[in-house]
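# Close look at the chain arrangement
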Amino acid sequence: VQLQASGGGLVQAGGSLRLSCAASGRTFSSYAMGWFRQAPGKEREFVAAITWTGGYAGYADSVKGRFTISRDNSKETVYLQMNSLKPEDTAVYFCAAKSGTYAYTKAFLYEYWGQGTQVTVSS
C-alpha cells in the first residue's frame, strides 16, 4: 500500500485543519488505518485509528473530543479532522495502514506509512 498524506499547514490556536491520506496499491477496505504524530525531539505517538469498516475509531486522550478520524473506502482515503488546535498539536503527522480488523494504537503494528505532513499551530 502506498500512502500519501496531505493537508498540513500553519494555523492559529483554536483553528482547524483537515488531513487526508490517499491510499493506492492494495485493497484499501481491508486495512485498518491510523494517524500518528511526531514532534521535534519526541517519539512518534498515536493520535487516532479506525477499523477497516469505519465502524469503530479510537483516540489518544490528548485529542479526544477535538479530532475525528473517518474514511471513505470508495475514495481509498482516510481523514483526520482537527478542531480546537493547540500549540502542543504541532508535529509531523503520519498516516499508516495495517491489514486487520481493529483500530490499532501501537505504531510498531503498522505495515505501511505515508511520508508525513507538517502541522504547525501558533499561539
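Our subject in this report is the structure included herewith. Only a predicted model underlies this, so the values are computations on that prediction, with no experimental measurement involved. (Residues numbered from 1 in each chain as written. Predicted model: local features only at pLDDT ≥ 70, side-chain atom pairs only at ≥ 80, totals over all residues. Heavy atoms only, no water.)

The subject of this paragraph is unusual backbone geometry. Phi is positive for glutamate 76, close to 50 degrees, though the residue is something other than glycine. Within the fold, glutamate 76 resides in the loop between β7 (67-72) and β8 (77-82). Since its relative accessible area comes to 28%, glutamate 76 is described here as partly exposed. Positive phi is not limited to glycine here, since serine 84 has a value of about 50 degrees. Here serine 84 shows up in the loop between β8 and β9 (91-99). For serine 84, a relative accessible area of 40% gives the class partly exposed. (Helix = DSSP H or I, 4+ residues; strand = E, 2+ residues; numbered from the N terminus. Buried < 20%, exposed > 50% of the residue type's maximum accessible area, 1.4 Å probe, protein only.)

Further remarks concern the packing of aromatic side chains. Evaluated as defined, the whole model comprises eight aromatic pairs. Ring pairs connect the aromatic residues Phe36, Phe46, Phe94, Tyr102, Tyr104, Tyr110 and Trp113, which therefore count as one cluster. Sitting over the face of the ring of phenylalanine 94, arginine 44 holds its NZ or CZ atom 3.8 Å from the ring centroid. (Phe/Tyr/Trp six-rings, centres within 6.5 Å; stacked < 30°, edge-to-face > 60°. Lys NZ or Arg CZ within 6 Å of the ring centre and 35° of its normal.)

What follows deals with the pairing of β7. With burial as the criterion, only one face of β7 is covered, namely that bearing Phe67, Ile69 and Arg71; the residues Thr68, Ser70 and Asp72 on the opposite face remain uncovered. Between β7 and β8, which pair antiparallel one after the other, the connecting turn spans four residues, and glutamate 76 there sits at a positive phi close to 50 degrees. (Pairing = 2+ DSSP bridges.)

Below, the discussion takes up the sheet that holds β7. Through backbone hydrogen bonds, the strands of a sheet pair up, either in parallel or in antiparallel fashion. Pairing is antiparallel across the open sheet formed by four strands, whose spatial order is β1-β3-β8-β7. At either end of the open sheet lies a strand with only one pairing partner, and these are β1 (2-6) and β7. Recorded for the sheet is a direction-independent mean angle of 15 degrees between the axes of neighbouring strands. By the bridge criterion, five bridges tie β1 to strand β3 (residues 17-24) in an arrangement that is antiparallel. Residue pairing for β3: glutamine 2 is matched across the bridge by serine 24. (Axes fitted to C-alpha atoms, helices over the stretch in contact; angles between N-to-C directions.)

The next thing to look at is the state of the cysteines. Following the criterion strictly, the structure yields one disulfide and no others. Paired by a disulfide, cysteine 21 and cysteine 95 hold their sulfur atoms 2.1 Å apart. Judged by the sign of its S-S torsion, about 60 degrees, the bond between cysteine 21 and cysteine 95 is right-handed. Linking cysteine 21 in strand β3 with cysteine 95 in strand β9, this pair joins segments that are 74 residues apart in sequence. Owing to a relative accessible area of 0%, cysteine 21 belongs among the buried residues under this scheme. For cysteine 95, a relative accessible area of 0% corresponds to the buried category. (Disulfide = S-S within 2.5 Å.)

Just geometry here; none of it tells us what the structure is for.
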